[in-house]
Each structure stands twice: as structure tokens, then as C-alpha cells.
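If you want the building blocks of each chain, they are given just below.
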There are 2 protein chains.
Amino acid sequence: YQLSLFGFGGSRKPDIESADTWMAKPITDLKYLQENNHDMKCRVEAMIMRIQAEFCHALEKEEEEEGGKKFLVDKWERDQGGGGITCVLQDGTVFEKAGVNISVVSGILPPSAMQQMRARGKKFEGEKVKFFAAGVSSVIHPKNPHIPTVHFNYRYFEVEAENGEKQWWFGGGTDLTPNFLEEEDVVHFHKELKKACDRHDKKLYPKYKKWCDDYFFVTHRGERRGVGGIFFDDVDEPTADKCFDFVTGCADSVIPSYLPLVQKHKKDLYSYKEREWQLLRRGRYVEFNLIYDRGTKFGLYTPGARFESILMSLPLNARWEYMHKPAPGSKEARLVDVLQNPRDWI
Amino acid sequence: YQLSLFGFGGSRKPDIESADTWMAKPITDLKYLQENNHDMKCRVEAMIMRIQAEFCHALEKEEEEEGGKKFLVDKWERDQGGGGITCVLQDGTVFEKAGVNISVVSGILPPSAMQQMRARGKKFEGEKVKFFAAGVSSVIHPKNPHIPTVHFNYRYFEVEAENGEKQWWFGGGTDLTPNFLEEEDVVHFHKELKKACDRHDKKLYPKYKKWCDDYFFVTHRGERRGVGGIFFDDVDEPTADKCFDFVTGCADSVIPSYLPLVQKHKKDLYSYKEREWQLLRRGRYVEFNLIYDRGTKFGLYTPGARFESILMSLPLNARWEYMHKPAPGSKEARLVDVLQNPRDWI
């Protein structure tokens, strides 16, 4: 709780000051971002640029000892307005496929997106709703089966209805998908996320932890994608400033929650059978992303979406075996058990 | 054209007479099937049992020379009524994953299915609609990248609304997904399908060929899943008998259209690069099946569906590379070109 005194409320170094470390020039002109730091759209863009850069550099550092593969940086523009920066490190020594993407887009909300937001309870008048969306999203598939896959996404939305009414909200989450259950790793991961949540409100972690378990559910298999984390949407209270600080804190917790697991396991030995199991789990990951994930579906059905950035989340390799069932009592079965019956980790 | 004199109109041996070759006992008691051969539900069940058996045996014959892997036969029951027989041959020498499934199910139409049928123009009164569905479906992923993947599905539906009004229809199709474009293979494949269609009406092949190109479209990539074939739904004219003969003829054309391609290419040599390309194409196959395919979506959202039989269509291995683009002028690029611009093959 005492961390809120230091970590937030203006004592943190402004994100924009990290501009010289960013992976590419921002989508919006840097000067404009600097001069409009009162505008939440600009603050979010600077924040996601910093998060992308810090995470990419942290991952590259893990590759460095092993061959030094770097992120490929793809800056792209969207015909309908805005663009993004997709960073991908593929077939490295530590990481099989690591994608870290930011996007800053605006325009008229596509009907499918409007329908989805209305189904979630959002209300806005008229058919032509203007929107602004900025976010950072990432999926890391390591090579070593003992390092879990991680995914995070933090985003900010503004919409303006035809009658001029404006709404804004934040959404996001971080979640872990291991191939084998290492309880102390999962506990460490959840503890770091809880820390980030607790700084704002002790009620947040339990609520967002449950939301995560509910969201990443593969209905047809009756199991979760992984061991959870946090997930939230439509966050707009108590103030925009506090929401921004909360989301920034969550995004900042990715490195301390995940990197220690990479460092701990990246030199672990593994068997052919463990690699095969990892590939089967990757198949499950593909199932969730292509069948259930709102972001993927929403993205792929949006005209002008950059599908390569959306499908960046798919693993380099995946496998499907008919009726594969881990042997009872095996470590594979222990993982499946926890996917079917989510636990409290803290 | 002259084939219609022999192949149809009652001169064909009844499907039920092949019962001793079937992969398992039928879902409905054999005696009941024999005694109710006037009932279309029974005729269809006998037909799909024969098609499944003939196709499985033909594929096993291709494996025989190479090690003799056989189909695993899984008979399953559905809590809500009916069941199926799933035959899978996994990790053979010729076939990486071959699935041939029949199902015969009945009950009350799930709301999602009803909505989908209504969206397609079907009209029925009330909320409790009884249904019967029987079909055979199959996906064959060979090991050798020079053998195309084939998929077919032939099915029969009956629904009965609350007011007692009954409707029935047939649907189905066969389509080919090669990794490299061998024009003479594609022409052979389409010619056999055309033959089966032409016996009934010369208008059918062009119509169903276009329907196939339209259906197997991966919107986000702007390309088709493969080089097409035939696809149709809601077929209920001119009579149930003629529709049954037509669909049976299409199902019978699977072996002559596809098996020659297996035999021609199963001993072809291939490079590491060709195998990698095949895995990338398999990734595209997964994208279509999990994002767009009506059968898969409908199946996975249906309570009590047997997901292992539905996901049997997924390849054993698949791969996704960020921004993979075949070199201009390469044989990989020639395939993508034809997927983007479907051709008339005959």
C-alpha cells in the first residue's frame, strides 16, 4: 500500500522521456506527444511505446547470451487512420516466437465492433461512432517447454457518438500458460500481478483473477488456456488519471512477473516427449485464440485490420493428436487438472 | 452421360448389402435398417456406413505396402440421442492424419443451429424443432507434401417444427488442398467431380464449383483454402430419391478423384523446404477450420458435441511464421496465386 506514495501520482518519470529507447518512431509525431501530455491519448501512446521497448529489450537480453537474435521491427500504417509497430523475434535460441505489438488507431467504429460493445452494455446513439484505440499486446512462446508462454494486452478506448457524447475506458490483462505445473512459478507470477493491483485497491486482484479464469475458457474442452493471471475491461473509475496509473502499473509488472521464469528455466534440459507435449499445448493455444478470443475475432473481422499482427500470437509450431490423454498421475495430467479446476495461488 | 443408365435408378446394389465390410456396427440396429429401407434416414445411414468403409479400406491399402498401419475405430454415443463412428489413422507412413467420421444424431435443434438455419432462409415455427442429421465427413492429411489434402462431407437433415411441418435436405462437398500446384492433378480431381454432377444435371457442376470457391474463403488473407471442388447445401429437388442418388454419386466419386493422386505422389522425394511449406499451408488450413468453417463452429457450439471427432480435421502438425511470403515466381507463389484467383479447371 505504501508503494502508492512513490510509484504513482506524478513521482514516476514521464513515459515520454524514454523516447530515445523506443523500437521505432511513434505513430503520432513525437513533438505532438510531448506538447499534449495533458491528453490521455498521447499519454497512453507514450506509455505503450515505453512498455514495448522495455519488454523487447529485456527479451533480447535473454537471447544475447545465446546468439543474440534481435527483434524485427515492422512499422505499419492503417488506411483508415493510425497504425502500429509490430516487433517479432522468431526462431531465436530462447524464444521460438515472441511478438510485441503496439497500435494506435482511430476512425469510425465498424458495425461488428459496435455490436460487440453494445452487447457488453455500452450505450451510444447513432450509427457513426468515432473511436480511438491504443494498446500494447504481446505473446511470448519460448523454445524450452519448461518456460511458460505469457500473454499481455493493455489498451485504452475513446468513443464519441453522433450526438457528441464521449466515453472512455481501459482494458487489459496478463496471463500465463505453462506446459508443466511448477507451483512456485505460478505463485511468483500471481504475486507480482497482485502487487500491481493491490497498490490501487485490494479488491481488484481477486476480481480480475476470476475474470481471467472465466475469460480464457476453452468451452469444448472444459479447460482454461493456462493458469490465469488478471483480466479486466471497461475500467473507468475513479478517475482517468488513476485508471492510467493502474494500467501502467499492471503493464510494468510484466517484466518482474515473467522474466524470472525465463531466466530460471532457459537452460533446463528436456526430453523429446516434453517437446511433443509442448506442441500439443500450443495446439490448444491456437484453438483458444482462433475460436474464442475476442481480440482475434474482432481484429480479423475488422476491415483493414493487419492480420499478420493479430496472428503473431500463434506459435511457430503446433500439433493435434486425436484423443491424446495424459497418463493418470503424470505431470501432464497434473497440468490438465489445474486447467480444469482453477486454483487460488495466493 | 450413359453412366446414368447403370449407376442409378435402382440398378446399383443396395448399400445395406455391404454391411459385413463396415468399420463397426451401425448406430441404428442393422435389422431395423434392413427392414426400413423405404425410410430415407435408414438409407442414408447405410450409404454413409458403406462410404466410410470403402474409403478407410482404400486408404489402408495405400498404407499396406509401407508398414500396414490401420484405422483406429472409435464408436461413440451422444447423450442426447444417436452417436457416431470415428476412424482415425494417425502418423502412418503415407498418411500423417486421416480421419473418416460418420454420425447419426437426433434430438431438439440447439438454438445456435436454429439461428444459423434461419439465417440461411429456412423457415420453421416454434422453439422446439426436432431434428435428425446423418453424415459422413473426412479430412486426409498425407505425409508427402506432394500429395494434396482432401476433405469431403455428405449429409442429410430432417427437421420437424412444433406444428408438425417437416423439411428435409441434403448437403455436402469434396475439395482439394494441395501444397504445390500440379495442374493435371487438379484437372483430374475436378473432372471426376464433374462426372458425378453431370449424371444428374449439367448445370450442377458449375454452380457447385463456384459455391465451393466462395465457401472456402479465408477472408483475412484474401485466398481460398485450396483449389476447390464442389460444395452445396439445402438440396431438396426434384425428389428425395434423386437427391439421394446424386449425393451418393458424389460420395462415390471421392475414391476415383483422390486415390490416383495418392498413388502418383506417395513415393515422391521432397526437401526440408517443401516440408516446411506444407506445415505453413497446414497452419492456413487450421485458420479456415477454426475461424470460418460452419461445420466446426456449429459443432463446437453444440452441447454434447464430440469435439475430438470435430477437431479430427486438424493436421498433426502445423506452423505459423510471421510475414511469410513465397519468393516471386517460385512454385509456392504459383500456388498462392491460384488460391487468390480461382480458375476454371475444365
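The preceding data block contains the structure.
Quick caveat, the model's predicted, so the values are computed rather than measured. (Residues numbered from 1 in each chain as written. Chains lettered and ligands numbered in written order. Predicted model: local features only at pLDDT ≥ 70, side-chain atom pairs only at ≥ 80, totals over all residues. Heavy atoms only, no water.)

Draft legend 1. Structural view of unusual backbone geometry. For the peptide bond that leads from E237(A) to P238(A), omega is -5 degrees, which places it in the cis range. Structurally, P238(A) is set in the loop between β9 (229-235) and α7 (240-252). The phi dihedral of D91(B) falls on the positive side, at around 55 degrees, and the residue is not glycine. Tracing the backbone through its elements, the reader meets D91(B) in the loop between β2 (82-90) and β3 (95-108). Positive phi is not limited to glycine here, since D234(B) has a value of about 55 degrees. Examined against the element boundaries, D234(B) turns out to sit in strand β9 (residues 228-235). D234(B) gets classed as partly exposed once you look at its relative accessible area, which sits at 22%. (Helix = DSSP H or I, 4+ residues; strand = E, 2+ residues; numbered from the N terminus. Buried < 20%, exposed > 50% of the residue type's maximum accessible area, 1.4 Å probe, protein only.)

Draft legend 2. Region of the structure containing helix α12 (residues 331-340) of chain A. Along α12(A), the positions that sit buried rather than exposed are E332(A), A333(A), L335(A), V336(A), V338(A) and L339(A). Buried residues belonging to α12(A) abut β8 (223-224) and α9 (272-292) of chain A. (Contact = heavy atoms within 4.5 Å.)

Draft legend 3. Molecular detail of the pairing of strand β6 (residues 166-177) of chain B. Where burial is concerned, most of β6(B) is hidden: 9 out of the 12 residues are buried. Where strand β5 (residues 149-160) of chain B hands over to β6(B), the hairpin turn is made up of 5 residues, of which G164(B) adopts a positive phi near 90 degrees. (Pairing = 2+ DSSP bridges.)

Draft legend 4. View of the packing of helix α3 (residues 40-64) of chain B against helix α8 (residues 254-265) of chain B. Residues and elements named next belong to chain B. At their nearest, the axes of α3 and α8 sit 11 Å apart, and the two run at 10 degrees to each other. Taken together, the axis directions place α3 and α8 in an arrangement best described as roughly parallel. Contacts from E54, F55, A58, L59 and E62 of α3 reach α8 at V254, I255, Y258, L259, V262 and Q263. Residues belonging to the contact of α3 with α8 are distributed by class as follows: 8 nonpolar, 1 polar and 2 charged. (Axes fitted to C-alpha atoms, helices over the stretch in contact; angles between N-to-C directions. Parallel < 35°, antiparallel > 145°, perpendicular 65-115°, else oblique. Nonpolar A, V, L, I, M, F, W, Y, C, P; charged D, E, K, R; others polar.)

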